[in-house]
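Topology and contacts: notes
Listed below are the residues making up each chain.
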Amino acid sequence: MDSSAILIEKRNILEKHLKDGLYSYQSLFACNSDAIFAIDLSGYYVFLNPACEQITGYSQEEIAKKKFIEVIALEDVARVSAYFYQALEGSLQNYDCKIIQKNGQSVDLNVTNLPITVNGEIIGVYGVAKDITEIKRKRHRLKDSEELYRILTENSMDMIVKTDAEGNFIYVSRVSEQILGYTPTELVGQSSIEYIHKDDIDRYLLNYHKAIHIQPKSLDTYRMRKKDGSYIYMEILSNSYRNSNKEVRVISVLRDISERINADLDRKRTEQLLLNSERLSVAGQLAAGIAHEVRNPLTAIKGFLQLLNVSQEQKDYIDIIHSEIIRIEMILTELLVIAKPQAMKTAKTNLRELIEGVKTLIDTQAIMTNVQIETIYSSPFQEIICDENQLKQVFINFLKNSIEAMPAGGKITIQTECMDEKEIVIRCIDTGSGIPPEHLKRIGEPFFTTKEKGTGLGLLVSKKIIENHHGRIQIDSDENGTSIAVILPIM
């Protein structure tokens, strides 16, 4: 018997087997949305359920005349044929492929093939095909979304992180190393709270809690610690969601805004400097006018007081008036310092000797008020070009202020330190009660003082002298004391 006759015989056996065996399952096959079919040894369809028509677009009569490979997409023909012959050898096969519908559209299928055996002999192949076109499209869309997400996160200049409900890093984009100095590996598994500045932690926790439980989105600015220990300002936009396991996750975009914050601070400092400059200008003009208008009649009053012949009892009153006139003259002198630049007699000066000289002058007053003055020279000392007398006046003013801030006694530390090769810092640090923040902002304003009998001109004069030496003054104060830093060019 030739091979064609054998194939026809086996097809007949297959048709009889299907007719006898599948009759009771007709209703089940008819309702099934998956395509169920049988193929003979030559690859022709022998049985198809109604779903085959819906999936292929061909009628039962049309598709019954076709081999299965005729509806398979060209690129899948060889692979699907191989699976068919492997099924004919007795093994179950499962694979994905494309078919071409009657209208020319492609459909993705997941196909399972298993051999049909009668009396121990394989006579055909069963097939079950599920339309997975939409599943494939969703997979492609998901893959595209994941790829887009990866490209965006890995190439964004902003740092993108994912954290759990406790704030632990689950994912960190690669730019973290550029922004914070930490690699993603170093951060994943760590608590984000550990990298927030201690003064910002309470606000960070509050907003994180809101993002999880109340308002899914939050935006705020915090200081974050870099690997080198410094802090930068980060604007953090957070958005919470629940994953497929109903676990809370927070996606955050972190942007370094230190440059913007520092620019704002610089702008505010510049505005404040301009405001102070205007105040000083007005004070200078006012000071010059007051000094000249008051000094002349004051000189006359002082002279006539000395010519008066008075009793001893009246002399005591005259002495009080005389001392107050001298005080007024001192204030006028300070006003003139503000009003116009004083002639500076600069020379190369050893700063250590200058400070020791000032300390000697102040020591007596310090001892009387139980104040200890300590000097610390923490760098090889430099000589500077300055007006020695004017700088002495500055440091005497500062030391007197520190002593007066400690009526019950305390300690003053004078420190010197070279910041670099161009500048030197002299700090006067006391252990007084400090200056309240609302007063600290006004220190240096004309006629503003916290002392009962002060004029507010001492610091103003000192600042003027330091500015004439191309230097600057910085004041820091809290409840533990005050630190005044004088920064001067070395040469």
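Below or above, wherever it landed, is the structure these notes cover. Residue positions within a chain follow its written sequence, with the count starting from 1. For a predicted model such as this one, the threshold for reporting local features is a pLDDT of at least 70, and the threshold for listing and counting side-chain atom pairs is 80 or more; totals across whole chains, interfaces and linings nevertheless cover every residue. With hydrogens and water excluded, all non-hydrogen atoms of the structure serve as input to the side-chain values.

With that out of the way, let us pick up the side chain of S252. Positionally, S252 belongs in strand β10 (residues 248-256). Throughout this description, buried means an accessible area under 20% of the type-specific maximum (1.4 Å probe, protein chains only), exposed means over 50%, and partly exposed covers the range between. Taking the relative accessible area as the measure of exposure, S252 reaches 4% and is therefore buried. Here the side chain of S252 touches S238 through a polar contact of 2.8 Å, side chain to side chain. The contact criterion used throughout is that any non-hydrogen atoms of two residues lie within 4.5 Å. Residues contacting S252, with those up to four places away along its chain left out, are M159, I160, V161, I236, L237 and S238. The way it works is that DSSP assigns letters per residue, a run of H or I at least four long becomes a helix, a run of E at least two long becomes a strand, and they are numbered from the N terminus. Nitrogen and oxygen atoms within 3.5 Å of one another constitute a polar contact, given that in protein one can donate a hydrogen and the other can accept it, and given that sequence-neighbouring residues count only through two side-chain atoms.

Now for the pattern of salt bridges. Where side chains of opposite charge bring their charged atoms close, a pairing between them can arise. Salt bridge, as used here, is a side-chain nitrogen of Lys or Arg placed within 4 Å of a carboxyl oxygen of Asp or Glu. Applying the stated criterion across every chain, the model contains 18 salt bridges. Here D158 makes a salt bridge to R255, at a shortest N to O gap of 2.7 Å. Placement of the pair is D158 in the loop between α6 (133-155) and β6 (159-164) and R255 in strand β10, with a sequence separation of 97 residues. Given a relative accessible area of 42%, R255 falls into the partly exposed group. The closest approach of N and O atoms between K227 and E186, which form a salt bridge, is 2.8 Å.

Let's shift gears to the side chain of T133. Here T133 shows up in helix α6. Residue T133 is classed as buried on the basis of its relative accessible area of 10%. Polar side-chain contacts of T133 include one of 2.9 Å to the backbone nitrogen of D108. Among the polar contacts listed, one links the side chain of T133 to the side chain of D131, at a separation of 2.7 Å. The contact partners of T133, leaving out residues within four places of it in the chain, are V107 and D108.

Attention now moves to the environment of T183. As for its placement among the helices and strands, T183 is situated in the loop between α7 (176-179) and α8 (184-187). For T183 and S173, which are 10 residues apart along the polypeptide, the C-alpha to C-alpha distance reads 8.7 Å. Beyond its immediate chain neighbours, meaning those up to four positions away, T183 contacts S176 and E177.

Even without glycine at this site, N370 takes up a positive phi of about 60°. As for its position among the elements, N370 is in the loop between α12 (351-368) and β12 (371-377). Residue class for N370 comes out exposed when judged on its relative accessible area of 56%. A positive phi angle, close to 60°, is found at H470, a residue other than glycine. In this structure, H470 sits in the loop between α15 (458-468) and β16 (472-478).

A word on the sheet that holds strand β2 (residues 45-48). The pairing criterion for strands is at least two bridges between them, as found by DSSP. The strand order across the open sheet formed by 5 strands is β2-β1-β5-β4-β3, and the pairing between neighbours is antiparallel. The open sheet has two free edges, formed respectively by β2 and β3 (93-100), since each of these has just one partner strand. Here the average twist between neighbouring strands, direction ignored, is 30°. Alignment of β3 against strand β4 (residues 106-118), held across 8 bridges, turns out to be antiparallel. Bridge pairing links N94 to T112 in β4. On the sheet, helix α5 (residues 77-88) packs against β1 (35-40), β3, β4 and β5 (121-131) and is oriented at approximately 140° with respect to β3. Orientation is described by lines fitted to C-alpha atoms, with helices fitted over the stretch in contact, and by angles between N-to-C directions that extend from 0 to 180 degrees.

Bringing the packing of α12 against helix α13 (residues 388-404) into the picture now. In the contact formed by α12 and α13, the axes pass within 10 Å of each other and the chain directions differ by 35°. Note on packing geometry: the crossing formed by α12 with α13 is right-handed. Seen from α12, the contacting residues are L354, V358, L361, I362, Q365 and A366; seen from α13, they are E388, L391, K392, F395, I396, L399, K400 and I403. Its residues placed into classes, the contact of α12 with α13 shows 10 nonpolar, 1 polar and 3 charged. Crossing chirality is assigned from the near helix's rotation relative to the far helix, an anticlockwise turn below a right angle marking it left-handed and a clockwise turn marking it right-handed. Each residue gets one label: Ala, Val, Leu, Ile, Met, Phe, Trp, Tyr, Cys and Pro are nonpolar, Asp, Glu, Lys and Arg are charged, and the others, such as Gly, are polar.

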